[in-house]
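# Overview (structure and organization)
Each chain, written out:
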Amino acid sequence: MARIWREENLKPRRSGTFKLSKDPVFAEKVADVIGLYLNPPGGAVVLSIDEKTQVQALDRTQPVLPVAFAATEKRTHDYVRHGTTNLFAALDVGTGEVIGECKPNRNGATFLAFLKKAVKPHAGKEIHVVLDNLSTHTTPEVKAWLSKNPHIHFHFTPVGSSWLNQIEIWFGILTRQSIRRGTFSSVNVLVKQIRDYINSWNQEAKPFTWTATADEVLAKVRLVQTNVKKLVNNNAN
């Protein structure tokens, strides 16, 4: 069995996750968001915004041991948690630059305050904002502010499909490169680490290259839906 796995490059130990959105206008939202990525309106700015919540300031009892010859990375199983912070971030889809701000809490007021900060550098331009369906993104205060700023347009990802938001890609990079292996003696140390990472990122910022069309994404989703139906039917029998 091991020989066959190697020859066929099979890796049964690996697993992934998936989620099928039940959004009734899933296809329309996918086409809308991907359209902004592949063919943004001329002269407009596209911002991808979201929050990375409850980022933990974990203080390991020993430093992480890095990968070495014939040895995997190792970390202690025990730690002290000194608290958490909430990272609000906006990715400029056209340039790759990131604006980020850490806050002790997450609500409609803190989101609106960050939104104002994120759009300020683009005064006088049409701004398209990609974000998910979190309730803090549609509070009465946010809606009132949008009505007074008609040059700012919200584009929501389908329900349960935050993976369509490019800032999630950046959150993953931040986690792997700066947070997951870190040892933080306080929330302030964690916040400084995040700020330093953002500053470093922006020094050589490059936009992500989005290649998948809406039709390709929808085709893959239909394939998963078909496989799930087959599995359910087989289990029923």
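Before going into details, it helps to say that this report is about the structure given with it. As the structure is a prediction and not an experimental result, all values here were calculated from the model. (Residues numbered from 1 in each chain as written. Predicted model: local features only at pLDDT ≥ 70, side-chain atom pairs only at ≥ 80, totals over all residues. Heavy atoms only, no water.)

### Overview of the overall build of the protein chain
Operational definition: In DSSP terms, a helix is any run of H or I states spanning at least four residues, a strand is any run of E spanning at least two, and both are numbered starting from the N terminus. The rule is simple: take the accessible area with a 1.4 Å probe, protein chains only, and divide by the maximum for that residue type; under 20% is buried, over 50% is exposed, in between is partly exposed. Within this scheme the basic residues Lys and Arg register as positive and the acidic residues Asp and Glu register as negative, but His and the chain ends are omitted. Charged side chains are reduced to one point each, which is NZ for Lys, CZ for Arg, CG for Asp and CD for Glu.
Regarding its fold elements, the protein chain presents 7 helices and 5 strands. Seen through its C-alpha atoms, the protein chain measures out along the principal axes to roughly 65 × 50 × 35 Å. For the protein chain, the residues scored as buried account for 36% of the 237 residues in total. A gap of 5 Å separates the mean positions of the 31 positive and 21 negative side-chain charges of the protein chain.

### Quick notes on the environment of Thr72
Filter applied, for reference: We call two residues in contact when some of their heavy atoms are within 4.5 Å.
Tracing the sequence through the fold places Thr72 in the loop between strand 1 (45–60) and strand 2 (79–92). Non-local contacts of Thr72, meaning those with residues more than four positions away in its chain, are made with Pro66 and Val67.

### A closer look at helix 6 (residues 187–203)
Filter applied, for reference: One less than the number of residues in a helix, times 1.5 Å, gives the span that helix is expected to have. Regarding the arc, it is the one traced by the directions from the helix axis to the C-beta atoms.
Given a rise of 1.5 Å per residue, 17 residues ought to cover 24 Å, and the 25 Å separating the end C-alpha atoms of helix 6 matches this to within 8%. Restricting attention to buried positions, one finds in helix 6 the residues Leu190, Val191, Ile194, Tyr197, Ile198 and Trp201. Here the buried residues of helix 6 occupy an arc of 125° about the axis, which is enough to place them on one side. Residues of helix 6 that are exposed and angled more than 90 degrees away from the buried face: Asn188, Arg195 and Gln203.

### As for the packing of helix 5 (residues 166–179) against helix 6
Between two packed helices, both the angle of their axes relative to each other and the distance between the axes serve to describe the pair. Put simply, the rule reads: Fitted lines through C-alpha atoms serve as axes, helices being fitted only where they are in contact, and the angles separating the N-to-C directions of these axes extend from 0 to 180 degrees. Take the far helix as your reference; a near helix turned counterclockwise from it by less than a right angle gives a left-handed crossing, and one turned clockwise gives a right-handed crossing. Three categories are distinguished: nonpolar for Ala, Val, Leu, Ile, Met, Phe, Trp, Tyr, Cys and Pro, charged for Asp, Glu, Lys and Arg, and polar for the others, with Gly belonging to the last.
Look at helix 5 against helix 6: their axes get within 11 Å of each other, and the N-to-C directions meet at 115°. Here the hand of the crossing between helix 5 and helix 6 comes out right-handed. Across the interface between the two elements, Trp170, Ile173, Leu174, Gln177, Ser178 and Ile179 of helix 5 pack against Gln193, Ile194, Tyr197, Ile198 and Trp201 of helix 6. Here the contact of helix 5 with helix 6 is composed, by residue class, of 8 nonpolar, 3 polar and no charged.

### What to know about the sheet that holds strand 1
We count it as follows: A pair of strands is considered paired only if DSSP assigns at least 2 bridges between the two.
Within the open sheet, the 5 strands sit side by side as 3-2-1-4-5. Their pairing is mixed. Looking at the sheet topology across the chains shown, the edges are occupied by strand 3 (98–103) and strand 5 (152–156). Averaged over neighbouring strand pairs, the angle between their axes works out to 30° when direction is ignored. Note that strand 4 (residues 127–131) and strand 5 share 5 bridges and pair parallel.

### Remarks on the side chain of Asn86
Stated formally: Think of a polar contact as two N or O atoms within 3.5 Å of one another; within protein, one of them needs to be a possible hydrogen donor and the other a possible acceptor, and neighboring residues in sequence only count if both atoms come from side chains.
The residue Asn86 is located in strand 2 in this model. A distance of 3.1 Å separates a polar atom in the side chain of Asn86 from the backbone nitrogen of Gln54. Each residue touching Asn86, except ones within four places of it in the same chain, is listed here: Lys52, Thr53, Gln54, Glu101, Cys102, Lys103, Pro104, Asn105 and Arg106.

### Looking at the layout of surface pockets
Rule in force here: Points on a 1 Å grid, built from protein atoms alone, make a cavity when a 1.4 Å probe fits but cannot get out and make a pocket when they are open with protein on both sides within 12 Å along at least 5 of 7 lines; residues with an atom within 4 Å of a point are the lining residues. Grid points are joined across faces, edges and corners, and a volume is the space filled by probe spheres set on the points.
Of the voids in this model, the largest pocket is the one considered here, and its volume is about 260 Å³. For the lining of the largest pocket, the element with the most residues is helix 7 (residues 214–236), which contributes 4 residues. Taken together, the residues of the lining of the largest pocket sort by class into 9 nonpolar, 3 polar and 2 charged.

### Describing the packing of aromatic side chains
Quick reminder of the rule: Pairing of aromatic rings covers Phe, Tyr and Trp, the last through its six-membered ring, and needs centres within 6.5 Å; plane angles under 30 degrees mean stacked, over 60 mean edge-to-face, and all others mean tilted.
Tallied over the full model, the rule gives 8 aromatic pairs. Arranged with centres 4.8 Å apart and planes meeting at 50°, the rings of Tyr37 and Trp210 form a pair that is tilted. With Tyr37 in helix 2 (residues 26–38) and Trp210 in the loop between helix 6 and helix 7, this pair connects stretches of sequence that are 173 residues apart. Here Tyr37 matches Trp210 in class, with each residue buried. Ring geometry for Trp201 and Phe208: centres 6.2 Å apart, planes at 50°, overall tilted. The exposure class of Trp201 is buried, given its relative accessible area of 17%. Through successive ring pairs, a cluster of aromatic residues spans Trp170, Phe171, Tyr197, Trp201 and Phe208.

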